[in-house]
Amino acid sequence: MNNDDLKQKILTIVPSAEFTDPVYEFLNVTVLPADLRKLAEQFNSDPDLSFDYMFCLTGVDWVTHMMVVYHLYSTKNDHTVVMKVKIDDRENPEVETLCDIWKTAEFHEREVYDLFGIKFLNHPDLRRIFLEDDWVGYPMRKDYVDPVNIVEL
Amino acid sequence: MEEVAQNIETQEYFINMGPQHPSTHGVLRLMLTLDGEIIKKVEPHLGFIHRSIEKMCEKDSYQQVVHLTDRMDYLGCHINNEAVCLTVEKGLELEVPERVKVIRTIISELTRLSSHQLWWGVMGMDLGAITTFLYGFRDREMITDIFEETCGARLTMNYNVPGGLMFDIHPNFQNRTKQFLEHFKKKLPEYDELLTGNVIFTERTKGIGYLSKEDAISYGVTGPSGRASGFSCDVRKKNPYSAYDRVDFKEILFMEGDCFARYQARIAEMWESMKIIEQLIDNIPEGEYKAKTKAVIKLPPGEYYQRVETPRGELGVYIISDNKKNPYRVKFRSPGFSNLSALDKMARGFKIADLVAIMSTLDLVIPDIDR
């Protein structure tokens, strides 16, 4: 499917989905946390879409809101989409897990939880993955102050 | 006797493997849940060498970001550098000279060869054959010498800069590379003879650590490990970068998905790498070794993603720019991290000794996982 067809298809699933201007390499779609599960399930199960390979999952701190970015690729149909979920609650960001759909998400979601503090609901084993369990704060957030002063030169 | 064995009640117990276990090749701690010697669950504990490279990148200029990537997958550092440079060049819409593309490809393939040589040596050693370790390092030395002469470093090469290369190749580069190929073509069949036909080796790898194609895709297992399960994921074929679009090579695919298939995939890949180098080594175009770039690089606002094929699999570099001299966010999708996530799936039901074989064939580099 080309990007225009993908766009139409996504709009039939989630009418409120937003798209960025076509300046980026892949089609970018932004949804709200409430629509994420619905879209993700369709992405994976719909034979026209069948995004079976999640090649990147990451978080971004936009200061005003948090974002989780999923890069998806379909090995059957050879198309790519970037799904983003915008979380307005920065103090206590929560979003549904997708690790039952793409198993690679399990580790990646733990990483995002560890470094950004975004909670993934229904995740089977949501713990910090890199830092110690008693670490205070989430280092990849823009307002994180590092007392040891290693990264902020 | 069998009746007695059935009546004995066994209890599950935990055992720690690592972080100083020799077969984890770095500081990786695995918590194993065992029933007797049968693995019920593998739980990796990461972070012993987490340096927060992504956070450091946010404070650095794009030229500095390149140098940090050496410290992730130190066996494929040239390819990591290249990934960042390609992303920055994509953002700048900068076309690098043909000469740069060809040299980058040759050095990438030499890196892959040297990484696979080390993997082969270490894998043999993990399974009890010290000879392979010595052979692997002996042949790898020739590549390291070539790198030393051209790049000035033996391990963390830092040869790429956004726009091209740091300096031109050494006058000896082509000759020495050809000498190495001639040497290694005779030695690689020797590798095969030592391990591939070895009964102990095949017994310990065939049918061990099975991973299906569906699981490989779902877990995002890429590189030779993924291709041994039949997941066609070679970035060099799917999204050719540098000079891969003009060379003839095969994507190695195996369907068995066990340790032996992963072993065979890497051996076969070494032949393909040599084939690629042979096609390019006499055809390095004349010209500049670097395109002109500004001293301070600012990427236009936007998001850039570039994938490359490292010896371990697909490395993705995701840069978000807000038009400043340092990136707003950098994410490295490291192949080792995703490959490791499938370890639990692969190891369940096998024995501890098999876990060593499975980890060897996944070819884990811990700094690449922890970043």
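Cut-off values and rules
- Residues numbered from 1 in each chain as written.
- Chains lettered and ligands numbered in written order.
- Predicted model: local features only at pLDDT ≥ 70, side-chain atom pairs only at ≥ 80, totals over all residues.
- Helix = DSSP H or I, 4+ residues; strand = E, 2+ residues; numbered from the N terminus.
- Rg over C-alpha atoms; globule rule 2.2 N^0.38 Å.
- Buried ≥ 20, exposed ≤ 12 C-beta atoms within 10 Å, placed from the backbone.
- Contact = placed C-beta atoms within 7 Å.
- Pairing = 2+ DSSP bridges.
- Core = buried A, V, L, I, M, F, W, Y, C linked by C-beta atoms within 7 Å.
- Axes fitted to C-alpha atoms, helices over the stretch in contact; angles between N-to-C directions.
- Parallel < 35°, antiparallel > 145°, perpendicular 65-115°, else oblique.
- Nonpolar A, V, L, I, M, F, W, Y, C, P; charged D, E, K, R; others polar.
- pLDDT = per-residue confidence, 0-100.
- Expected span 1.5 Å × (residues − 1).
- Left-handed = near helix turned anticlockwise from the far one by under 90°.

A.B. asks: What is the right way to read the overall build of chain B from this model?
C.D. replies: The number of helices and strands found in chain B is 16 helices and eight strands. In terms of overall dimensions, chain B is globule-like: its C-alpha atoms have a radius of gyration of 21 Å, near the 21 Å expected for 371 residues. Considering only C-alpha atoms, chain B reaches an extent of 80 × 50 × 35 Å along its principal axes. In chain B, which comprises 371 residues, the proportion classed as buried is 51%. By sequence separation, contacts in chain B at least 24 residues apart represent 70% of the contacts at least 6 residues apart.

A.B. asks: Quick question: what am I supposed to make of the overall build of chain A here?
C.D. replies: Across its full length, chain A carries three helices and seven strands. When the elements of chain A are put in sequence order from the N terminus, they spell out α-β-β-α-β-β-β-β-α-β. Whereas a compact globule of 153 residues would reach a radius of gyration of roughly 15 Å, chain A reaches 16 Å, a difference of no more than 12%. Expressed as lengths along the three principal axes of its C-alpha atoms, the size of chain A is roughly 50 × 30 × 25 Å. For chain A, the proportion of its 153 residues judged to be buried stands at 39%. Residue pairs in contact within chain A that sit at least 24 positions apart in sequence constitute 48% of those at least 6 positions apart.

A.B. asks: It is not clear to me how the pairing of strand 6 (residues 302-310) of chain B should be interpreted in this structure. Could you clarify?
C.D. replies: The side chains of a regular strand alternate, first on one face of the sheet and then on the other. Residues and elements named next belong to chain B. The element strand 6 is extensively covered by neighbouring structure, given that eight of its nine residues are classed as buried. As defined by bridge partners, strand 6 adjoins strand 7 (residues 313-321) across nine bridges and the pair is classed as antiparallel. Looking at strand 7, one finds that Tyr304 is bridged to Ile319. Taking the residues between adjacent antiparallel strands as the criterion, strand 6 and strand 7 are bridged by two residues.

A.B. asks: Honestly, the nonpolar core in this entry has me stumped. Any pointers?
C.D. replies: A general feature of soluble globular proteins is that nonpolar side chains tend to end up buried together. With 145 residues, the main nonpolar core has Ile118 of chain A together with Ile358 of chain B as its most contacted residues. Here this core gets eleven residues from one element, more than from any other, and that element is helix 5 (residues 98-126) of chain B. Here Ile358 of chain B is in contact with Ile208, Gly209, Cys259, Leu343, Met346 and Ala347 of chain B, once residues within four sequence places are set aside.

A.B. asks: Whenever I open this one, the packing of helix 5 of chain B against helix 15 (residues 352-362) of chain B confuses me. Can you help?
C.D. replies: Packed helix pairs are specified by the crossing angle of their axes together with the interaxial distance, meaning the distance between the axes. Residue and element names in this part refer to chain B. Contact pair helix 5 / helix 15: the axes reach a minimum separation of 9 Å and the direction vectors enclose 180°. Looking at the two axes, helix 5 sits roughly antiparallel to helix 15. For the pair helix 5 and helix 15, the contacting residues are Val122, Met123 and Asp126 in the first and Val356, Ser360 and Thr361 in the second. Here the residues of the contact of helix 5 with helix 15 are counted per class, giving three nonpolar, two polar and one charged.

A.B. asks: Sorry, what's going on with the sheet that holds strand 7 of chain B here?
C.D. replies: Each strand in a sheet pairs with its neighbour through backbone hydrogen bonds, running either in the same direction (parallel) or in the opposite one (antiparallel). Residues and elements named next belong to chain B. Read from one edge to the other, the open sheet built from three strands follows the order 6-7-8, with strand pairing classed as antiparallel. The sheet is open, and its two borders are formed by strand 6 and strand 8 (329-333), each paired with just one other strand. Strand-to-strand twist in this sheet, taken as the mean axis angle between neighbours without regard to direction, amounts to 10°. Across the sheet, helix 4 (residues 77-92) is in contact with strand 6 and strand 7; its angle to strand 6 comes to roughly 150°.

A.B. asks: I keep staring at the confidence of the model for chain B and nothing clicks. Help me out?
C.D. replies: Residue-level pLDDT values for chain B average 87, and 98% of them are 70 or greater. Predicted complex, confidence summary: ipTM 0.88, pTM 0.87.

A.B. asks: I would appreciate a short explanation of helix 3 (residues 105-116) of chain A in the present structure.
C.D. replies: Residues separated by three or four positions in an α-helix point in the same direction, a consequence of the helix having 3.6 residues per turn. Its twelve residues place the ends of helix 3 of chain A 15 Å apart at the C-alpha level, agreeing with the 16 Å of an ideal helix rising 1.5 Å per residue. Burial within helix 3 of chain A is extensive, with twelve of its twelve residues counted as buried. Those residues of helix 3 of chain A that fall on the buried side of the exposure criterion are Ala105, Glu106, Phe107, His108, Glu109, Arg110, Glu111, Val112, Tyr113, Asp114, Leu115 and Phe116 of chain A. Of the surrounding secondary structure, the elements contacted by the buried residues of helix 3 of chain A are strand 3 (53-61), strand 4 (66-73) and strand 7 (119-121) of chain A together with helix 13 (335-341) of chain B.

A.B. asks: Mind showing me how you'd approach the sheet that holds strand 3 of chain A here?
C.D. replies: Residues and elements named next belong to chain A. Strand order in this open sheet of five strands is 1-2-5-4-3, and the pairing throughout is mixed. The sheet is open, and its two borders are formed by strand 1 (18-19) and strand 3, each paired with just one other strand. Bridge count for strand 4 against strand 5 (residues 80-87) is eight bridges, and the pairing is antiparallel. By the bridge assignment for strand 5, Met66 is matched with Ile87. Sitting on the sheet, helix 2 (residues 33-45) is in contact with strand 2 (27-31), strand 4 and strand 5, with an inclination near 160° to strand 5. With respect to the sheet, helix 3 is in contact with strand 3 and strand 4, its orientation differing from that of strand 3 by roughly 10°.

A.B. asks: Explanation requested: the pairing of strand 3 (residues 38-45) of chain B in the structure shown.
C.D. replies: Two elements, strand 2 (residues 29-35) of chain B and strand 3 of chain B, share seven bridges in a ladder whose sense is antiparallel. Its bridge partner being in strand 3 of chain B, Asp35 of chain B is matched across the sheet by Ile38 of chain B.

A.B. asks: When you look at the environment of Asp78 of chain A in this model, what are you seeing that I'm missing?
C.D. replies: Relative to the elements of secondary structure, Asp78 of chain A occurs in the loop between strand 4 and strand 5. When the C-alpha positions of Asp78 of chain A and Trp135 of chain A are compared, they lie 41 Å apart, and in sequence the two are 57 residues distant.

A.B. asks: Looking at this model, I keep getting lost on the packing of helix 6 (residues 130-151) of chain B against helix 7 (residues 173-196) of chain B. Mind explaining?
C.D. replies: Residue and element names in this part refer to chain B. Orientation of helix 6 relative to helix 7, taken along the N-to-C sense of each, is 165°, at an axis distance of 11 Å. Taken together, the axis directions place helix 6 and helix 7 in an arrangement best described as roughly antiparallel. Crossing of helix 6 over helix 7 shows left-handed handedness. Contacts between helix 6 and helix 7 involve Thr131, Thr132, Asp139, Met142, Ile143, Ile146 and Thr150 from the first element and Phe173, Arg176, Thr177, Phe180, His183, Phe184, Lys187, Leu194 and Leu195 from the second. Taken together, the residues of the contact of helix 6 with helix 7 sort by class into eight nonpolar, five polar and three charged.

A.B. asks: So what exactly am I meant to see when it comes to the environment of Glu190 of chain B here?
C.D. replies: Relative to the elements of secondary structure, Glu190 of chain B occurs in helix 7. Its 12 C-beta neighbours within 10 Å are what place Glu190 of chain B among the exposed residues.

A.B. asks: Just to check I follow, could you spell out the interface of chain B and chain A for this structure?
C.D. replies: When the parts of a complex come together, some accessible area is lost, and that lost area is often taken as the interface size. Of the residues lining the interface, 26 residues belong to chain B; the matching set on chain A comes to 25 residues. Residue assignment for the side of chain B that touches chain A shows that the elements contributing at least two residues are helix 2 (53-57), helix 9 (213-219), strand 6, strand 7, strand 8 and helix 13 of chain B. Per-element accounting of the side of chain B that touches chain A gives the leading share, four residues, to strand 7 of chain B. Partitioning the side of chain B that touches chain A into residue classes produces eight nonpolar, nine polar and nine charged.

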